[in-house]
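Examination of the molecular architecture
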Amino acid sequence: MTEKKFLSCILTEGILLAIVGLAMLMLPKITSITFGMMLCLSFVIYGGYKAINAIMTRNYTRHFLLNVVLGLILFVLGIFLFLAPMFSLTLITATIGVYFLLESVSTCAFGIQNRKTLYFWWVEIPLAILQFLLGLIIILGLPSTALWVVGVLMGVNFLVAGMIMISMYVATKYTYSI
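Attention here is on the structure that accompanies the text.

The rules behind these values
Residues numbered from 1 in each chain as written. Predicted model: local features only at pLDDT ≥ 70, side-chain atom pairs only at ≥ 80, totals over all residues. Heavy atoms only, no water. Helix = DSSP H or I, 4+ residues; strand = E, 2+ residues; numbered from the N terminus. Rg over C-alpha atoms; globule rule 2.2 N^0.38 Å. Buried < 20%, exposed > 50% of the residue type's maximum accessible area, 1.4 Å probe, protein only. Areas by Shrake-Rupley, 256 points an atom, 1.4 Å probe, with all protein chains shown as cover. Core = buried A, V, L, I, M, F, W, Y, C linked by side-chain atoms within 4.5 Å. Contact = heavy atoms within 4.5 Å. Expected span 1.5 Å × (residues − 1). Axes fitted to C-alpha atoms, helices over the stretch in contact; angles between N-to-C directions. Parallel < 35°, antiparallel > 145°, perpendicular 65-115°, else oblique. Left-handed = near helix turned anticlockwise from the far one by under 90°. Nonpolar A, V, L, I, M, F, W, Y, C, P; charged D, E, K, R; others polar. Patch = residues over 30% accessible without salt bridge, like charges linked within 9 Å, V, L, I, M, F, W, Y side chains within 5 Å. Salt bridge = Lys/Arg side-chain N within 4 Å of Asp/Glu carboxyl O.

Some details on the overall build of the protein chain
Helix and strand content of the protein chain: six helices and zero strands. On C-alpha atoms alone, the protein chain measures out to a radius of gyration of 22 Å, which is more than a quarter above the 16 Å that the 2.2 N^0.38 rule sets for 178 residues. Its C-alpha atoms put the protein chain at 60 × 45 × 35 Å along the principal axes. Of all 178 residues assigned to the protein chain, the portion counted as buried reaches 27%. Only carbon and sulfur atoms are counted for the fraction: they give 77% of the accessible area of the protein chain, which is about 12,000 Å².

Now the structure itself:
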């Protein structure tokens, strides 16, 4: 593959990611519900596989019964969450909210611990405050935030990833005149 084709692939992927990210941001409820259902389906498929695989390989593993039980738990959990999509989304959203709360503590601690090493260590403090507020908004807004948080976060991630890929393409193309 030539460098020109490689750069074309980067540009194409960047454009597709940006378009999908924008679509996710415009339809966050659909994105959130779809993500929740895909997670449930993953639990069902992997749980079923894990249980069947444990039974088939029981002569080669010591704790095959544990693997069967774990597989069945995942399978049943996947079916339960699939039948209760709002509960599934609320659980995912609560996990994201708790993540932001814990990340804010970690960010603040990192900034303070490295204040002698990093010149702009204080930038971590406003970031930690924003992360804490975001986590608080998500958790206190449950269950209504469950309908949009996952979709918005996925949309922003895809959009930013696409914009970075497009930027890499532009910078490389004009820097090296490919």
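There's plenty left to go through after this.
Overview of the nonpolar core
Judged by nonpolar contacts, Ile92, Ile96, Phe100, Ile138, Val149 and Val150 together constitute the single largest core of six residues. Secondary structure elements with two or more residues in this core: α4 (85–113) and α6 (149–176). Counting residues per element, this core draws most heavily on α4, which supplies three residues. The residues contacting valine 149, other than those within four sequence positions of it, are Ser32, Thr93, Ile96 and Ile138. Counting five residues, the second largest nonpolar core, distinct from the first, contains Leu7, Ile10, Leu17 and Tyr169.

Here's the deal with helix α3 (residues 64–83)
Since the α-helix advances by 3.6 residues per turn, residues separated by three or four positions end up pointing in the same direction. The end-to-end C-alpha distance of α3 is 29 Å, a good match for the 28 Å that 20 residues give at a rise of 1.5 Å each. Those residues of α3 that are buried lie in contact with α2 (28–56) and α4.

A short note on the packing of α4 against helix α5 (residues 124–140)
Contact geometry of α4 with α5 gives a least axis separation of 8 Å together with a crossing angle of 165 degrees. Taken as axis vectors, α4 and α5 run roughly antiparallel relative to one another. When you trace α4 past α5, the crossing you get is left-handed. Its residues assigned to classes, the contact of α4 with α5 comprises 16 nonpolar, seven polar and two charged.

Topic: the environment of leucine 136
Inspection of the secondary structure puts leucine 136 in helix α5. Classification of leucine 136 as partly exposed rests on a relative accessible area of 32%. Separated by 35 residues in the primary sequence, leucine 136 and leucine 101 place their C-alpha atoms 7.1 Å from one another.

Considerations on the environment of isoleucine 19
On the secondary structure map, isoleucine 19 appears in helix α1 (residues 3–26). A C-alpha to C-alpha distance of 45 Å links isoleucine 19 and threonine 57, two positions 38 residues apart in sequence.

Side note on a nonpolar patch on the surface
The grouping of Ile33, Met37, Phe75, Val76, Ile79, Phe82 and Leu83 at the surface amounts to a nonpolar patch, some 610 Å² of accessible area in total. Of all the secondary-structure elements, those providing two or more residues to the nonpolar patch are α2 and α3. Sorting elements by how many residues they give to the nonpolar patch places α3 first, with five residues. Considering the arrangement of structural elements, one finds isoleucine 79 in helix α3. Judged by its relative accessible area of 36%, isoleucine 79 is partly exposed.

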